[in-house]
Amino acid sequence: MLLRLGDTGYRVEALQQDLRRAGQNIDVDGWFGDDTEAAVRTFQRQRSLVVDGIAGPKTYQALKGRPDPLALTQSDLMTAANRLGVELAAVMAVNEVESRGRGFHPTGEPVILFERHIMRRRLIHHGINPVPYQKSQPDIVNDKAGGYVGGIREHKRLDRAHAIHVASAWEAASWGLFQIMGFHWQVLGYESIEAFVLSMQRDEAAQLDAFVRFIEVDPGLHRALKRLDWRDFARRYNGPAFERNDYDTRLAASYRRYNQQLEIAA
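I will try to describe carefully the structure that is included in this document.

Basis of the calculations
- All residue numbers here refer to positions counted from 1 along the written sequence of the relevant chain.
- With pLDDT at 70 or above as the cut-off, local features in this predicted model cover only qualifying residues; side-chain atom pairs require 80 or more to be listed or tallied, and sums for whole chains, interfaces and linings still use all residues.
- Side-chain measures were taken over the full set of non-hydrogen atoms in the model, leaving aside hydrogen atoms and water.
- Two strands pair if DSSP finds at least two bridges between them.
- Strands are runs of DSSP state E lasting at least 2 residues, helices are runs of H or I lasting at least 4, and numbering of each runs from the N terminus.
- By definition in these notes, contact holds between two residues if any of their heavy atoms fall within 4.5 Å.
- Interaxial angles span 0 to 180 degrees and are taken between N-to-C directions of axes, which are lines fitted to C-alpha atoms, for helices over the stretch in contact.
- Side-chain rings of Phe, Tyr and Trp, where Trp is taken by its six-membered ring, are said to pair if the distance between their centres is within 6.5 Å; with planes under 30 degrees apart they count as stacked, over 60 as edge-to-face, and otherwise as tilted.
- For every residue, the accessible area obtained with a 1.4 Å probe (protein chains only) is divided by the maximum for its type, and the residue is called buried under 20%, exposed over 50%, and partly exposed between those limits.
- To sit over a ring, a charge needs its Lys NZ or Arg CZ within 6 Å of the ring centre and within 35 degrees of the ring normal.

Taken in spatial order, the three strands make up an open sheet running E1-E2-E3, and their pairing is antiparallel. Only two strands of the sheet have a single neighbouring strand rather than two, namely strand E1 (112-114) and strand E3 (180-181). Relative to strand E2 (residues 173-175), E1 runs antiparallel, the two sharing three bridges. By the bridge assignment for E2, Phe114 is matched with Ala173. Against the sheet, helix H8 (residues 154-164) engages E1 and E2, with an angle of about 55 degrees to E1.

Next up, the structure:
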């Protein structure tokens, strides 16, 4: 559940009560206005969370006294922006729109999406005939995308692929906050697919590092982010279907909001 500027109702009232208990001096009126957003940002800053003014699962966990030790921090985003030579507001916008919001399931496994058509390609890459597996397990090895089950259950698909061929299975999954495909491990500078997977299992900061590497090795994507050319960035990052999900307009709106917040805080 996400609560943000403009929301109303009993959930906002409960959030405001939690914020007051955490020391924020705000009215409990059930309206997520400017004061509530400012209180959320202050609390996030105090707890070393991403300071986005949005009350999501990580903010709620911290409010309940159970902060997520794997969670991304504002400092991580600042480090990424400095490394890429781009505005912090731009990195924050990408984190909001392009990430999954959480890089790990509550049970501790990294978020993944297993791609059966990529599994087929990686088996061929490793010199393994995919045809027998495509006939017996078409949901794991196929020449077409699909077969998704979503959520934590994707790890069961990964386990079945793992039983066929370990490296191909890991390379055929997208990993973490920014869903970086495993087969990119070499071009991103990891020593092995095992090193990449271990990094994705460590924490969200390591997952952000994979995203930064992904931007660094793609000059066109890097230039688009530096120029704040959200249409070009969305096209390159999300593919030709980016317009269906309004990625470019959402990125632009998110950037403007964060840029304004950062200017006010400066």
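This next bit is on unusual backbone geometry. Positive phi outside glycine occurs at Ser48, with the angle close to 60 degrees. Following the sequence through the fold, Ser48 ends up in the loop between helix H2 (34-46) and helix H3 (57-63). The backbone of Leu228 shows a phi angle near 60 degrees, a positive value even though the residue is not glycine. If you trace the backbone, Leu228 turns up in the loop between helix H12 (219-227) and helix H13 (230-238).

Quick look at the packing of aromatic side chains now. Between two aromatic rings, the relevant description is the distance of the centres plus the angle of the planes. Tallied over the entire structure, the rule returns eight aromatic pairs. A centroid spacing of 6.0 Å and a plane angle of 85 degrees characterise the contact between Phe214 and Tyr237, whose relative ring orientation is edge-to-face. Here Tyr237 lies in helix H13 and Phe214 lies in helix H11 (residues 204-216), a separation of 23 residues in the sequence. Side by side, Phe214 and Tyr237 carry an identical accessibility label, which is buried. By the ring-pair criterion, three or more aromatic residues cluster together here, those being Phe178, Phe211, Phe214, Trp230, Phe233, Tyr237 and Tyr255. A cation over an aromatic ring shows up here: Arg213 above the ring of Tyr190, its NZ or CZ 4.0 Å from the ring centre. It is Arg257 that lies over the ring of Tyr258; its NZ or CZ is 4.6 Å from the centre.

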